Amino acid sequence: MSAQRPGDPLISRRAFVTASAAALVTAALAPGVQLITLATARPSNEPASKTARWGLLIDTTRCQKGCRDCVTACGTENGLQHSSRPSTDPQWLRIVEMKDPKSGRTQSVPMMCQHCAHPPCVDVCPTGASFKRADGIVLVDRHICIGCRYCMMACPYKARSFVHEELTDQRPLVPRGKGCVEGCTLCVQRIDRDREPACVEACRAAGHDAMLFGDLNDPKSAIAQRVAQFATSQVRADLKLDPGVRYMGL
Amino acid sequence: MPAIAMRELGGTSGRYYALLAAIGVFVALGLIACVYMETHGHIVTGMDNQIVWGMPHVFAVFLIVAASGALNVASTASVFGRAVYKPLAPLSALLAIALLAGGLSVLVLDLGRPERITVAMTHFNFSSIFAWNIFLYTGFFAIVGIYLWFMLDRTMNRHATRAGLVAFVWRLVLTTGTGSIFGFLVAREAYDSALLAPMFIVFSFAYGTAIFMLTLLAAHRWDERPLAEDLLQRLNRLLALFVAAVLYFVTVFHLTKLYVARFHDIERFVLLDGGVFTALFWLGQVLLGGIVPLLILYHPRLSRSRGWTAFAAAFVVLGGMAQMYVTIIGAQVYPIALFPGMQEASSFFDGEIHTYAPSFPEVLLGFGGFAIAAAIVLIALRVLRLLPERLDTAVRSEA
């Protein structure tokens, strides 16, 4: 190459194009590479597996009265802001204080979408926005939810909320929108990255260990073994919806 | 039977346009209410996560149920061969279309995302009764529209009876669909009964006939068109029969509920200690909407008065609105039992009787639905020959 003359570009056009292309490829691939290393459970371009049935086992005897750590963690993870209007604020997870009027026995029961195998919300949704993923997680497709609230009429667990007002500061991985219905997603954004739901993590961090998350279909998983070993119950088992959330101690 | 001349709605233009403008104001207010609700979100309504279907649904479902019942008179003429009602069949079909349009407008404008109605028309989940209803409603418009065309077009008139039969079957299926929206909801103790579908059909007979009679009386008074006394008597008896059938079905519905122990609490709520809901049930639905109209319609003197007939029909409509309020709101106010037999409490109002106060925009939207139906009827009657010129001689000659 001849000596550089005044006025010549610092690098040749060919070198510039080559370097730019390399930079572009790197920029495009790097986040993907990063994603793949995080998402060991399932690459983002693969559909959810039918072989799994994600579920929760909640031991109400370990649930501490007055503790709201799971509820707080759910709100933080999913960007649920609370105003002074509890009747319209979305509540994906709540604690139901239950009392037997005959014996006086009380219990705190975390209640959320039960991720039914036969979900009434999916049955009644006119557009198919309410749907069950192959791995058993019941979700709302916010792109085709028309906000008819029929699912809220149909859910026997009162697990769904309607977004009554404009939302701000949403979490990037948790799309939500005014005029649509929503509910517990089992923290699908974490599950797809091989992490536990936020409520389960918070309960463990608080030292209560009342919640166990896992694959009910995998006989080697802790949850499947516990369900096989101990008596567990389903809320409103009479409806035969086969919920993915099971309880102990009820 | 001599051919009966059909004529457009007359009256001076000034009088007609004043009425149309008055109705237009209500349509506009309904639309403004909708824009307000959609801009701010449902936070400006009385609805919340406990009462998810509010006043707009009360109006919308009433109008949709009444729409199928408004077709009664046409069906009686075409399907059951009662020639006396034949001149009234076009008005009956028009009312059916108008009421359904009014009801659906309210239903759609109350959606969280009404602009996504195209999504509802392109994505179907056929296990949902709502999805079926989209076909049932659009099909109803098409079938009743064709039926109306066959009735009005002399060249197609010979097919009118068959079209009337299809429309009759379709409206039964349609109201079965409307009743089943509620009947199949096992989550709500106030519903969870297959009786809701046939009961809604009987409701529709009464509400639709009542609205038909009010429209007929108003239209004939507007033009001072003669209306035979015995025709009104026939309509009176028809309405009375439907009102009695409503009372019968409501009685059977609550008796079957009371037979099942797990429904005792919800029945106690509706029938005894539900406050405004108990009052609306007994005083609104049963007394005002049932017993009082029956007394008027069977009274030897009152039943001969057009004023009292109009009152009876108006009471049936008001009773119907009370019924919808109890059926739709009352069922949601009563809490869902997660743990039957246990006491429950939570930040999400579990175990509590919920409260609901309809907001002004919701009520405006509801009246907007009535206004849309009224505007359609008023415009159609002015531009099309749907009303018989006189209804006295023809009836007499047939009777």
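About the thresholds
- Residues numbered from 1 in each chain as written.
- Chains lettered and ligands numbered in written order.
- Predicted model: local features only at pLDDT ≥ 70, side-chain atom pairs only at ≥ 80, totals over all residues.
- Helix = DSSP H or I, 4+ residues; strand = E, 2+ residues; numbered from the N terminus.
- Buried ≥ 20, exposed ≤ 12 C-beta atoms within 10 Å, placed from the backbone.
- Contact = placed C-beta atoms within 7 Å.
- Core = buried A, V, L, I, M, F, W, Y, C linked by C-beta atoms within 7 Å.
- Nonpolar A, V, L, I, M, F, W, Y, C, P; charged D, E, K, R; others polar.
- Pairing = 2+ DSSP bridges.
- Axes fitted to C-alpha atoms, helices over the stretch in contact; angles between N-to-C directions.
- Left-handed = near helix turned anticlockwise from the far one by under 90°.
- pLDDT = per-residue confidence, 0-100.
- Expected span 1.5 Å × (residues − 1).

*Asks:* An account of the overall build of chain A is requested, with residue identities and associated values reported.
*Replies:* Within chain A, the regular secondary structure consists of seven helices and nine strands. Burial status across chain A gives 40% buried among its 250 residues. Residue pairs at least 24 apart in sequence account for 61% of intrachain contacts in chain A once pairs closer than 6 positions are excluded.

*Asks:* Any details on the overall build of chain B? Residues and values, ideally.
*Replies:* Along chain B, the regular secondary structure elements total 14 helices and three strands. Summarising its shape, the C-alpha atoms of chain B cover approximately 70 × 45 × 40 Å along the three principal directions. The buried share of chain B, reckoned over its 399 residues, is 49%. Of all intrachain contacts in chain B linking residues separated by at least 6 positions in sequence, the fraction that spans at least 24 positions is 78%.

*Asks:* Tell me about the nonpolar core, and name the residues and values.
*Replies:* All names here are of chain B. By size, the foremost hydrophobic cluster in this structure holds 192 residues, and its most contacted members are Leu99, Ala206 and Leu239. Ranked by residues supplied to this core, first place goes to helix H8 (residues 196-223) with 15 residues. Dropping the residues within four chain positions of it, Leu239 is found in contact with Ala206, Thr209, Ala210, Met213, Leu297, Ala313 and Val316.

*Asks:* Describe the interface of chain A and chain B, and please don't skip the residues or the numbers.
*Replies:* By convention, interface size is frequently given as the accessible area that disappears when the constituent parts associate. The interface is formed by 45 residues belonging to chain A together with 37 residues belonging to chain B. Mapped onto the side of chain A that touches chain B, the elements with two or more residues apiece are strand S2 (93-99), helix H3 (120-124), helix H4 (150-154) and strand S6 (160-162) of chain A. Counting residues per element, the side of chain A that touches chain B draws most heavily on S2 of chain A, at six residues. Counted by class, the side of chain A that touches chain B contains 25 nonpolar, nine polar and 11 charged residues. Two strands pair when backbone bridges link them, and S2 of chain A and strand S2 (residues 343-345) of chain B are joined in this way by three bridges, in the antiparallel orientation. Its bridge partner being in S2 of chain B, Glu97 of chain A is matched across the sheet by Ala345 of chain B.

*Asks:* Any chance you could break down the sheet that holds strand S3 (residues 106-112) of chain A for me, citing the residues and the numbers?
*Replies:* Sheet architecture is open: three strands sit in the order S3(A)-S2(A)-S2(B), paired in antiparallel fashion. What marks the edges here is a single partner per strand, and that holds for S3 of chain A together with S2 of chain B. With direction set aside, neighbouring strand axes in the sheet form an average angle of 30 degrees. Strands S2 and S3 of chain A of the sheet are contacted by helix H2 (residues 69-78) of chain A, whose axis makes an angle of about 160 degrees with S2 of chain A.

*Asks:* Give me the pairing of strand S8 (residues 211-215) of chain A: which residues, what numbers.
*Replies:* Residue and element names in this part refer to chain A. Taken across its five residues, S8 has five buried, putting it largely inside the fold. Bridge analysis of strand S1 (residues 54-59) against S8 gives five bridges, and the strand direction is antiparallel. For Trp54, the partnering residue across the bridge sits in S8 and is Asp215.

*Asks:* Break down the environment of Asp209 of chain A for me, with residues and values.
*Replies:* Residues and elements named next belong to chain A. On the secondary structure map, Asp209 appears in the loop between helix H6 (198-205) and S8. Between the C-alpha atoms of Asp209 and Ala73, which are 136 residues apart in sequence, the distance is 14 Å. When near neighbours in sequence (up to four residues on either side) are disregarded, Asp209 contacts Arg62, Cys203 and Arg204.

*Asks:* An account of the packing of helix H4 (residues 89-109) of chain B against H8 of chain B is requested, with residue identities and associated values reported.
*Replies:* All names here are of chain B. Two elements in contact, H4 and H8, have axes whose closest approach is 11 Å; the angle formed by their N-to-C orientations is 115 degrees. The way H4 lies across H8 gives a crossing that is right-handed. Contacts between H4 and H8 involve Leu91, Ser92, Leu95 and Leu99 on the former and, on the latter, Ile211, Phe212, Thr215 and Leu216. Split by residue class, the contact of H4 with H8 holds six nonpolar, two polar and no charged.

*Asks:* A description of the sheet that holds S8 of chain A should follow, citing residues and the corresponding values.
*Replies:* Residues and elements named next belong to chain A. Ordered by their spatial adjacency, three strands build an open sheet running S8-S1-S9, and the pairing between neighbours is mixed. In this open sheet, the two strands that pair with only one neighbour each are S8 and strand S9 (245-248). On average, each strand axis in the sheet is tilted by 20 degrees relative to the strand beside it, whichever way the strands run. Most of the contacts of helix H7 (residues 222-229) go to S8, to which it runs at about 110 degrees, and overall it touches S1, S8 and S9.

*Asks:* Residues and numbers for the environment of Ala322 of chain B, please.
*Replies:* Position of Ala322 of chain B relative to the elements: it lies in helix H12 (residues 306-333). For Ala322 of chain B, a count of 24 C-beta atoms within 10 Å translates into the label buried.

*Asks:* With reference to specific residues and values, describe the confidence of the model for chain A.
*Replies:* All names here are of chain A. For chain A, mean pLDDT is 88; residues scoring 70 or higher make up 84% of the total. Low confidence marks residues 1-10, where pLDDT is under 50. Its contacts with residues over four positions away, or in another chain, come to zero contacts. Residue range residues 29-40 is modelled with pLDDT below 50. Its contacts to residues more than four positions away, or to other chains, number eight contacts.

*Asks:* Break down helix H2 (residues 55-70) of chain B for me, with residues and values.
*Replies:* With 16 residues, H2 of chain B should reach 22 Å at 1.5 Å per residue; the first-to-last C-alpha distance of 22 Å fits that figure. For H2 of chain B, a buried count of 16 out of 16 residues is recorded, marking the element as mostly surrounded by other parts of the structure.

*Asks:* I'd love a proper account of the confidence of the model for chain B, names of residues and values included.
*Replies:* Residue and element names in this part refer to chain B. Of all residues in chain B, 97% attain a pLDDT of 70 or more, and the chain-wide mean is 94. Throughout residues 395-399 the model reports pLDDT below 50, and contacts reaching past four residues in sequence, or to other chains, amount to 11 contacts. Predicted complex, confidence summary: ipTM 0.93, pTM 0.91.

*Asks:* Now, about unusual backbone geometry: what can you tell me, with residues and values included?
*Replies:* Outside of glycine, negative phi angles account for most residues, and trans bonds account for most peptide bonds. All names here are of chain A. Even without a glycine there, the phi angle at Leu186 is positive, about 60 degrees. Tracing the chain through its elements places Leu186 in the loop between strand S7 (181-183) and helix H5 (188-191). Among the residues examined, Leu186 registers 28 C-beta atoms within 10 Å and is labelled buried.

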